[in-house]
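The chain contents come next:
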Amino acid sequence: MNKVIVFAGTTEGREICSFLKKYEIASLACTATEYGKCRIEEGGALTVRSGRLTEEEMEQLFGEEQPEMVIDATHPYADLVSENIRSACEKAGKTYLRLLRPSLAADPSCVMVDTTEEAVSYLAGTEGEILVTTGSKELAKFAELPDYKNRVYARVLPLPGVIASCAELGFDAAHTIGMQGPFSMDMNVAMLQSFHAEWMVTKESGRNGGFEEKIEAAKKAGVRVVLIGRPKEEEGLSEDEVKRYLVERFDLSVKRDVVIAGIGPGAEAQMTLALVDACEQADVLIGAGRMTKAVEKYQKPMLAEYSPEKIYEYLKAHPEYEKIVLLQSGDVGFYSGAKKLQAVLAEDADFSVRVEPGISSLVYFCAKIGVSWEDAAFVSLHGQHCNFLETVRRNRKTLAIAGGKGSVREICQTLSSYGWEQIVLHVGTDLSYPEEQIVTGTPFELAKMEFAPLAVLLFENPNPEPEFTAGMADEVFLRDKVPMTKREVRNASLSHLQLSSNSVVYDIGSGTGSVSIEMALRAAQGKVYAIEKNPAAVALLQENKKKFAVDHLEIIEGTAPEALEALPVPTHAFIGGSAGNLKEILELLLRKNPNIRVVLNTVTVETLAEAASCFKKLAFEEPEIVCLQASNAKKAGRSHLMIAQNPVYIFTAQGGAKE
């Protein structure tokens with residue numbers, strides 16, 4: 001007894017048989033010929049039999065086997081056989097599934113006919129040799145053509161009985177081609193040219209039947225095509241839909257192999273052989289639109305999607321896909337979605353995931369401009385927060401990827417606004433494609449140009465600055481008459497603040513911005529907000545920001561705490577002046593981040609008392625308090641006198657204290 005009977009006369013039918021065998025579902029495959037039988041690997045839960053069956057014989061077979069379902073995977077033009085299978089299923093009360101080969105759009109240059117008889121009738125009024133590729137079943141009808149023995153070449157299966165029937169019809173060895181298809185486009189061209197054919201007769205046999213290769217070959221060889229249309233429109237399921245039905249019907253646990261693969265810059269010439277092999281073997285190809293377009297030639301089911309969660313949902317809804325390729329741009333290890341995809345799929349034991357690297361666009365770009373990249377820093381300006389100025393400042397070479405309309409121009413404008421005209425910038429767009437563009441110039445020159453949204457950049461800085469060390473001299477800041485936190489106090493305060501490279505910091509009462517500038521240089525990939533109410537100080541802040549090129553320093557003109565309300569959540573805060581609003585400022589900081597780290601400077605006894613009271617009452621751990629008094633030498637004639645600064649009290653407090 002077999003659960004499934006498959007009439008497997010096509011490539012799709014053989015694939016369904018292989019699927020049933022793999023998952024050990026007791027099945028019987030029926031083929032019309034012994035040749036068809038030998039093309040299906042029998043064994044395990046799969047049995048194969050050959051021989052044409054009448055409708056009555058089919059009904060008898062269904063009664064003996066009592067299958068749960070019958071799958072009709074016969075040829076699209078075997079309409080009589082399909083009708084017999086359907087009728088026998090109805091009489092035997094069995095579930096009938098019609099597996100349909102997808103139909104392809106006919107080329108407008110084809111001569112369209114409905115039947116073989118119409119094809120013969122049309123060709124009777126023409127001249128020139130004819131290659132008939134519709135098989136031997138209806139070949140006798142072409143023997144009705146005048147001078148058919150000289151005009152017609154028949155391509156048929158290489159079976160003794162078929163070759164003998166061709167000979168009986170009058171087709172000699174020179175006009176009979178016994179070969180098993182499907183055939184490549186080049187093979188079709190070679191045959192057409194070898195026989196000096198002017199006509200080719202074919203059926204719309206679908207992609208698996210080699211239909212596209214025939215049409216392309218006819219165009220290349222300058223041959224007209226007579227196309228016999230499919231007998232009628234049918235309702236049914238695709239191969240993938242039949243597999244999905246089987247998975248759900250028999251509750252199969254499908255083994256699913258996922259390849260996350262980088263496609264390189266995008267052109268076929270830069271794709272790895274591992275990627276090509278994965279695409280050829282895939283049941284489905286998934287990736288963003290640009291990626292799926294790059295692999296259209298593999299003619300596989302596709303999904304244009306990049307969200308890991310949506311991809312996972314799609315795969316769970318389509319268990320019929322066993323071999324899955326998830327396409328990523330460039331290489332999978334550089335700002336790629338591969339990491340998130342791996343994390344999502346790792347939670348499901350049904351998926352076995354491997355990663356295939358691709359050629360990074362950065363590597364390709366460096367090769368094109370003849371520059372080594374082993375000593376370069378790497379950043380992404382495509383959908384990522386990155387203070388690229390700091391990276392460019394510290395490195396002789398910086399490689400970056402950029403995305404978004406006008407993004408390259410904006411980058412060049414930013415560099416120009418800080419006067420960084422010493423930078424040499426290389427820009428590459430549409431890399432590996434025919435429209436590839438590579439341009440070199442200064443930021444000022446390139447800011448006037450338009451570029452494609454996706455780009456690779458190489459910044460060359462001939463004079464990179466050394467790594468930042470704390471304790472900048474007071475004299476390097478533009479100050480005028482605005483108060484400034486002196487070097488010694490600034491160093492101690494920043495030491496207590498304990499910033500990291502990606503900290504988000506408020507400098508409240510920032511004055512000239514000496515603390516803000518040093519904060520920004522320490523939190524190179526973070527964000528610093530300088531809050532100041534004095535217009536004169538705000539003007540100096542703007543000048544100091546430009547002088548030190550700290551693009552991630554944002555100046556907020558206003559009074560705290562109101563000016564802080566709309567700002568992002570801080571990790572740290574430095575309070576150099578509170579304008580009498582210390583308690584309200586600290587309360588707001590705790591609301592935004594209960595675990596915030598705060599450093600406060602005060603020089604007055606009144607603020608000292610207020611700070612001690614606030615830190616005691618609010619949800620801060622016990623503060624550390626340091627009194628710092630520094631003296632600086634000043635030359636007086638031949639001697640030096642020590643000039644004392646006012647003592648400064650430094651409070652350091654960590655939020656998160658339990659009530």
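Read on for a plain summary of the structure. (Residues numbered from 1 in each chain as written. Predicted model: local features only at pLDDT ≥ 70, side-chain atom pairs only at ≥ 80, totals over all residues. Heavy atoms only, no water.)

Tallied over the full model, the rule gives 27 salt bridges. Residues glutamate 268 and lysine 297 are paired through a salt bridge, measuring 2.8 Å at the closest nitrogen-oxygen approach. Of this pair, glutamate 268 sits in the loop between strand S12 (256-262) and helix H12 (273-281) while lysine 297 is found in the loop between helix H13 (289-294) and strand S14 (302-304), placing the two residues 29 residues apart along the sequence. Note that arginine 490 and aspartate 474 form a salt bridge whose closest N and O atoms lie 3.4 Å from each other. Separated by 16 residues along the polypeptide, arginine 490 in helix H20 (residues 487-497) and aspartate 474 in the loop between strand S21 (455-460) and H20 bring together distant segments of the chain. (Salt bridge = Lys/Arg side-chain N within 4 Å of Asp/Glu carboxyl O. Helix = DSSP H or I, 4+ residues; strand = E, 2+ residues; numbered from the N terminus.)

The strand order across the open sheet built from seven strands is S24-S23-S22-S25-S26-S30-S27, with neighbouring strands paired in mixed fashion. The sheet terminates laterally at strand S24 (553-557) and strand S27 (624-628), the two strands that pair on one side only. In this sheet, adjacent strand axes meet at a mean angle of 15 degrees when their direction is disregarded. Examined bridge by bridge, strand S26 (residues 597-602) and strand S30 (residues 648-654) share six bridges and lie antiparallel to one another. Looking across to S30, one finds that valine 598 is bridged to alanine 653. Helix-sheet contacts for H20 involve strand S22 (504-508), strand S25 (572-575), S26, S27 and S30, and the interaxial angle to S26 is about 160 degrees. Running over the sheet, helix H21 (residues 514-522) touches S22, strand S23 (527-532), S24 and S25 and is turned about 170 degrees from S22. (Pairing = 2+ DSSP bridges. Axes fitted to C-alpha atoms, helices over the stretch in contact; angles between N-to-C directions. Contact = heavy atoms within 4.5 Å.)

Attention now goes to the packing of helix H1 (residues 11-22) against helix H11 (residues 239-250). Between H1 and H11, the shortest axis-to-axis distance is 10 Å and the interhelical angle comes to 20 degrees. Taken as axis vectors, H1 and H11 run roughly parallel relative to one another. In the crossing of H1 with H11, the sense of the turn from one axis to the other is right-handed. On H11, the residues touching Glu12, Glu15, Ile16, Phe19 and Leu20 of H1 are Glu239, Val242, Lys243, Leu246 and Val247. For the contact of H1 with H11, the residue count by class is six nonpolar, no polar and four charged. (Parallel < 35°, antiparallel > 145°, perpendicular 65-115°, else oblique. Left-handed = near helix turned anticlockwise from the far one by under 90°. Nonpolar A, V, L, I, M, F, W, Y, C, P; charged D, E, K, R; others polar.)

Turning to the packing of aromatic side chains, a few remarks are in order. Applying the stated criterion across every chain yields a total of 15 aromatic pairs. Centroid distance tyrosine 314 to tyrosine 321: 6.4 Å. Interplanar angle 25 degrees. Geometry classified as stacked. In this pair, the class of tyrosine 314 matches that of tyrosine 321, namely buried. With 6.0 Å between their ring centres and 70 degrees between their planes, phenylalanine 334 and phenylalanine 378 make a pair best called edge-to-face. Taken together, the residues phenylalanine 334 in the loop between strand S15 (323-328) and helix H15 (338-346) and phenylalanine 378 in strand S17 (residues 377-381) connect sequence positions 44 residues apart. Site record: aromatic cluster; members linked through ring pairs are Phe334, Tyr335, Trp373 and Phe378. Over the ring of tyrosine 298 we find lysine 297, and its NZ or CZ is 5.5 Å from the ring centre. (Phe/Tyr/Trp six-rings, centres within 6.5 Å; stacked < 30°, edge-to-face > 60°. Buried < 20%, exposed > 50% of the residue type's maximum accessible area, 1.4 Å probe, protein only. Lys NZ or Arg CZ within 6 Å of the ring centre and 35° of its normal.)

Judged by pairing direction, the sheet is mixed, and its five strands sit side by side in the order S17-S18-S21-S19-S20 without closing on themselves. Each edge of the open sheet is held by one strand with a lone partner, namely S17 and strand S20 (437-441). For this sheet, the mean angle separating the axes of adjacent strands, direction not counted, is 15 degrees. Bridge count between strand S19 (residues 424-429) and S21: six bridges; the pairing is antiparallel.

Once that is clear, we can look at the nonpolar core. The biggest cluster of nonpolar side chains holds 28 residues, and the ones touching the most others in it are Leu564, Leu586 and Leu589. For this core, the element with the highest residue contribution is helix H23 (residues 582-592), accounting for six residues. Beyond its immediate sequence surroundings of up to four residues, leucine 586 is in contact with Ile575, Val598, Cys614, Phe615, Leu618 and Phe620. Core analysis: the next-biggest nonpolar cluster, separate from the first, contains 26 residues, Met472, Phe477, Leu497 and Leu521 among them. (Core = buried A, V, L, I, M, F, W, Y, C linked by side-chain atoms within 4.5 Å.)

Time to look at the pairing of strand S11 (residues 224-228). For S11, the buried fraction is high: four of the five residues fall into the buried class. In terms of strand pairing, strand S6 (residues 111-113) meets S11 through three bridges, oriented parallel. In the strand pairing of S11, valine 113 is matched with isoleucine 228. As defined by bridge partners, strand S10 (residues 197-203) adjoins S11 across five bridges and the pair is classed as parallel. Directly across from valine 201, in S11, lies its bridge partner valine 226. Between the parallel pair S10 and S11, the chain is carried across by helix H10 (residues 211-221), and the sense of this crossover is right-handed. (Right-handed = clockwise from strand over helix to strand, strands pointing away.)

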